[in-house]
Amino acid sequence: MAMRGFHGVWEATTLESSLTMMKSGAVTRLRLAEDNFALDGVSLAQITAALLSQKSSIETLWMRELKIPSDAGSSLCELVARSTRLTELYLEDNALGDIGLVDMCTSALANNRTLRTLCLDSNGITGHVLPSLGESLATHPCLTELSLSRNPLHVSELGHFFGAAQANTALKILRLSGCAIGPSFPVQCIKLKGLELLDLS
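Structural notes, computed from the coordinates. For clarity, every value in this text was computed on a predicted model and none was experimentally measured. (Residues numbered from 1 in each chain as written. Predicted model: local features only at pLDDT ≥ 70, side-chain atom pairs only at ≥ 80, totals over all residues. Heavy atoms only, no water.)

**Regarding the nonpolar core**
Core analysis: the largest hydrophobic core is formed by 55 residues, its most contacted members being Leu-61, Met-63, Ile-68, Leu-91 and Leu-133. Every element with two or more residues in this core is listed here: helix 1 (15-24), strand 3 (29-32), helix 2 (41-51), helix 3 (73-82), helix 4 (97-111), helix 5 (130-139) and helix 6 (155-165). The leading source of residues in this core is helix 4, at five residues. Setting aside residues no more than four positions away along its own chain, Leu-61 makes contact with Met-22, Leu-30, Leu-51, Leu-79, Leu-86, Glu-88, Leu-89 and Tyr-90. (Core = buried A, V, L, I, M, F, W, Y, C linked by side-chain atoms within 4.5 Å. Buried < 20%, exposed > 50% of the residue type's maximum accessible area, 1.4 Å probe, protein only. Helix = DSSP H or I, 4+ residues; strand = E, 2+ residues; numbered from the N terminus. Contact = heavy atoms within 4.5 Å.)

Here is the structure:
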């Protein structure tokens, strides 16, 4: 049903095994196997309920390449908003898009106080919603690493993003690799006083 990988990371190969491990209280780092899952709203709601159960001890969750659509984002938002354990969430190579990011910003990040790392690489995010993300970051005291790599970001919106987020001093790492950012971009990052690493590779 599942196998243990390196560094104490467990991999779930079925929905049933993932729910079992989430509720076990013995697993802190869990990866949902990309080749075995295609999450819809129903299964994602089940996963969210399991992660929010009192028995769950999941701190790091990988949900890569699971075909999560933008209209299933409400369960993800509930997870992020209500979780008191989750510190790292990896959602790259899904289909959350701008709608999913807006939901994440307006409700989830505004209420979460434990999440340290959020990866949204390759989710079809265009940049129109970056100001909303910036506003959320301005009041989020915990997030230290954000990755938006390989998204078709609109450079024109980045100034608004940094303007809205400039009150944030917690963010240390920002990854924007593969986003075709222009040479003038790094200057704008000065507005994020705590930033230590900007990845534009």
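Picking up after the structure, the text goes on.
**Section: helix 6**
The complete set of buried residues in helix 6 reads Glu-157, Leu-158, Phe-161, Phe-162 and Ala-165. Looking straight down helix 6, one finds that the buried residues subtend no more than 140 degrees of arc, so they occupy a single side. (Arc of directions from axis to C-beta.)

**Here we look at helix 5**
By the burial criterion, the buried members of helix 5 are Leu-130, Pro-131, Leu-133, Gly-134, Ser-136 and Leu-137. Taken together, the buried residues of helix 5 touch helix 4, strand 7 (145-147) and helix 6.

**Some points on the side chain of Asn-168**
Structurally, Asn-168 is set in the loop between helix 6 and strand 8 (173-175). The exposure class assigned to Asn-168 is buried, which follows from its relative accessible area of 3%. Within the structure, Asn-168 has its side chain in polar contact with the backbone oxygen of His-140 (distance 3.4 Å). If we skip the residues at most four places from it in the chain, Asn-168 touches Leu-137, Ala-138, His-140, Leu-192 and Lys-193. (Polar contact = N/O pair within 3.5 Å; in protein donor to acceptor, adjacent residues only side chain to side chain.)

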